[in-house]
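Read off the chains here:
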Amino acid sequence: MKKVYLDNAATTPLDKEVIAEMTNVMENYFGNPSAIHALGREVRTLVEKARKTVSGLLNASPSEVFFTSGGTEADNTAIRCGIAAYGIKHAITSKIEHHAVEHTLNTMLKNGEIDKLSFVNIDEKGNVDYAHLEELLQNNERTFVSLMHANNELGTLTDMIKVGDICEKYNAIYHADTVQTMGHYRHNVRELKAHFIVCAAHKLHGPKGVGFLYVNSNVKIPPMIYGGAQERNMRGGTENVYGIVGLAKALEIAYAEMEEHQTYIQGLKDYLKAQLIAEIPGIAFNGETDADKSLYTVLNVSFPEMDMADMLLFNLDINGICASGGSACSSGSNIGSHVLNGINADPNRPSVRFSFSKYTTKEELDYVIDKVKMVVKQNALA
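Basis of the calculations
- Residues numbered from 1 in each chain as written.
- Predicted model: local features only at pLDDT ≥ 70, side-chain atom pairs only at ≥ 80, totals over all residues.
- Heavy atoms only, no water.
- Helix = DSSP H or I, 4+ residues; strand = E, 2+ residues; numbered from the N terminus.
- Rg over C-alpha atoms; globule rule 2.2 N^0.38 Å.
- Buried < 20%, exposed > 50% of the residue type's maximum accessible area, 1.4 Å probe, protein only.
- Contact = heavy atoms within 4.5 Å.
- Lys, Arg positive; Asp, Glu negative; His and termini not counted.
- Charge placed at Lys NZ, Arg CZ, Asp CG, Glu CD.
- Pairing = 2+ DSSP bridges.
- Right-handed = clockwise from strand over helix to strand, strands pointing away.
- Expected span 1.5 Å × (residues − 1).
- Arc of directions from axis to C-beta.
- Core = buried A, V, L, I, M, F, W, Y, C linked by side-chain atoms within 4.5 Å.
- Salt bridge = Lys/Arg side-chain N within 4 Å of Asp/Glu carboxyl O.
- Polar contact = N/O pair within 3.5 Å; in protein donor to acceptor, adjacent residues only side chain to side chain.

Asker: Quick question: what am I supposed to make of the overall build of the chain here?
Answerer: In terms of regular secondary structure, the chain is built from 13 helices and 13 strands. Its C-alpha atoms give the chain a radius of gyration of 22 Å, within 12% of the compact-globule value 21 Å for 382 residues. For the C-alpha atoms alone, the extent of the chain along its principal axes is close to 70 × 55 × 35 Å. Classification of the 382 residues of the chain by burial places 56% in the buried group. A sequence separation of at least 24 residues applies to 73% of the contacts in the chain between residues at least 6 apart. Taken together, the 36 basic and 46 acidic charged side chains of the chain have centroids lying 3 Å from each other.

Next comes the structure, spelled out in structure tokens:
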């Protein structure tokens, strides 16, 4: 049976060049980068070279890049430490953020670490209401704003420049969750006005368990993890050296090949969308799908009502198709996707997120279309 991987928004396969870089480190560099002897110093050089590579691609200073265990830790550090550093009591986010943001802010509210948590209005496509964001910021208190660049389920993009301008106007601290877009768009931190952006290497053909947090030099925050002087006293714990090297290599490759891959992957997305419209009556899409409004690696498909809708993903899986999805909740016992709930998606329509990478092929999509047609026909309502 053919196997087709279309869950790249969850994680991506490692690039062979990344594997080679990491293998070299694992085989030849075992010293602790905090050690002062020669073996330690040569490993420290690898870490700092990777930091310089990452910061250069972002147009940042090396001192603004801190390596983490991934996007969740980076988000948590930005939110918890950014709010603590400035005694902020009011945070603004949306109801379709990643759980790394949503759960963190809700817990901080519950524990009294903030007094108020506001949610900016979102339309039925997942677009931020910028006028409402400005309304929420019109007070005399310093506020923390956390909004993702591209929604991980829908693909809908938020205008980071516009959010940054609004936050600057009201002296707000701005955290942009860029996990889904790092390596897919060029992030020039000197233009963004974001105080924090984040990365998880495994979203861009790098290794799992490593990422980074960019902290604008104008912001000073305390550590979230204590225990040692690593990361310039900002994150205790021996560095994941081969992971860090792999991250830097993956980001370097992504930037070098970005325009080529964007054109190629956008073509795949457009093709799958067109074929689904042509072949399946009543098909629809969650979130924005136009190229200028949507992350080109994600297409969230809303299927017509069908028998055994909750088995759709399973049926795709047994046909060799790896994807993800869910539905909006239709009852208190069905939690469903908080993102689909947040845009008031129809709870009777099952949804599947297909997400692509540079390794996806048109031939694979033809196979997917054929199998999707079969599954939908088999489960069509009588």
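Asker: How should I be thinking about the pairing of strand 4 (residues 116-119) in this particular structure?
Answerer: For a regular strand, side-chain orientation follows a simple rule: the groups alternate between the two sheet faces. Where strand 3 (residues 90-93) and strand 4 come together, four bridges link them in parallel fashion. Bridging from a neighbouring strand, Thr93 pairs with Phe119 of strand 4. Crossover handedness for the path strand 3 to helix 4 (residues 99-110) to strand 4: right-handed.

Asker: Is there a simple way to explain helix 2 (residues 38-58) in this structure?
Answerer: Here helix 2 spans 30 Å end to end across 21 residues, near enough to the 30 Å set by a 1.5 Å rise per residue. Of all the positions in helix 2, only Gly40, Val43, Leu46, Val47, Ala50, Arg51, Val54, Ser55 and Leu58 are classed as buried. What you see down the axis of helix 2 is that its buried residues fit within an arc of 160 degrees, all on one side. Seen from the open side of helix 2, the exposed residues pointing more than 90 degrees away from its buried face are Lys49, Lys52 and Gly56. Where helix 2 terminates, the next one or two residues include Asn59, which has phi positive at roughly 60 degrees.

Asker: Quick question: what am I supposed to make of the environment of Thr72 here?
Answerer: Examined against the element boundaries, Thr72 turns out to sit in helix 3 (residues 71-85). In this structure, the C-alpha to C-alpha distance between Thr72 and Ala254, residues 182 residues apart in sequence, is 21 Å.

Asker: Just to check I follow, could you spell out the nonpolar core for this structure?
Answerer: Nonpolar side chains in soluble globular proteins tend to be buried together. Counting residues in hydrophobic clusters, the biggest one holds 91 residues, and the most contacted among them are Val145, Phe212, Phe303 and Phe354. Broken down by element, this core gets its largest block of residues, 10 residues, from helix 9 (residues 241-256). The residues contacting Val145, other than those within four sequence positions of it, are Ile92, Leu133, Leu137, Val163, Cys167, Ala172, Ile173, Tyr174 and His175. Within the second largest apolar cluster, 24 residues are counted, among which are Ile79, Ile88, Phe196 and Val198.

Asker: When you look at the pattern of salt bridges in this model, what are you seeing that I'm missing?
Answerer: Pairing between side chains of opposite charge can happen when their charged atoms approach one another. All chains considered together, the criterion is met by 18 salt bridges. Notably, a salt bridge pairs Glu113 with Arg80, separated by 3.3 Å at the nearest N-O pair. You can see Glu113 sitting in the loop between helix 4 and strand 4 and its partner Arg80 sitting in helix 3, a full 33 residues away along the chain. Residue class for Arg80 comes out partly exposed when judged on its relative accessible area of 24%.

Asker: Please explain the pairing of strand 5 (residues 143-148) as it appears in this structure.
Answerer: Among the six residues that make up strand 5, six are buried, leaving the element largely enclosed by the rest of the structure. Along strand 5, one buried face is formed by Thr143, Val145 and Leu147 and the opposite face, lined by Phe144, Ser146 and Met148, is buried too. Of the strand pairs in this sheet, strand 3 and strand 5 are connected by three bridges, and their pairing is parallel. Directly across from His90, in strand 5, lies its bridge partner Thr143. For strand 5 and strand 6 (residues 173-177), the ladder comprises five bridges, and the chain directions are parallel.

Asker: Where do I start with the environment of His90 in this structure?
Answerer: Position of His90 relative to the elements: it lies in strand 3. Look at His90 and you get buried, because its relative accessible area is 0%. Spatially, the C-alpha atoms of His90 and Val145 are 8.8 Å apart, while their sequence positions differ by 55 residues. If near-sequence neighbours (up to four positions away) are discounted, His90 is found in contact with Lys116, Ser118, Leu136, Asn139, Glu141, Arg142, Thr143 and Phe144. One polar contact links His90 to Ser118, side chain to side chain, over a distance of 2.7 Å. For His90, the side chain forms a polar contact with the side chain of Glu141, separated by 3.1 Å.

Asker: Is there a simple way to explain the side chain of Gln266 in this structure?
Answerer: Topologically, Gln266 is positioned in helix 10 (residues 258-279). By relative accessible area, Gln266 is classed as buried at 12%. In this structure, Gln266 is in contact with Ala291 and Tyr296, ignoring residues within four places of it in sequence.

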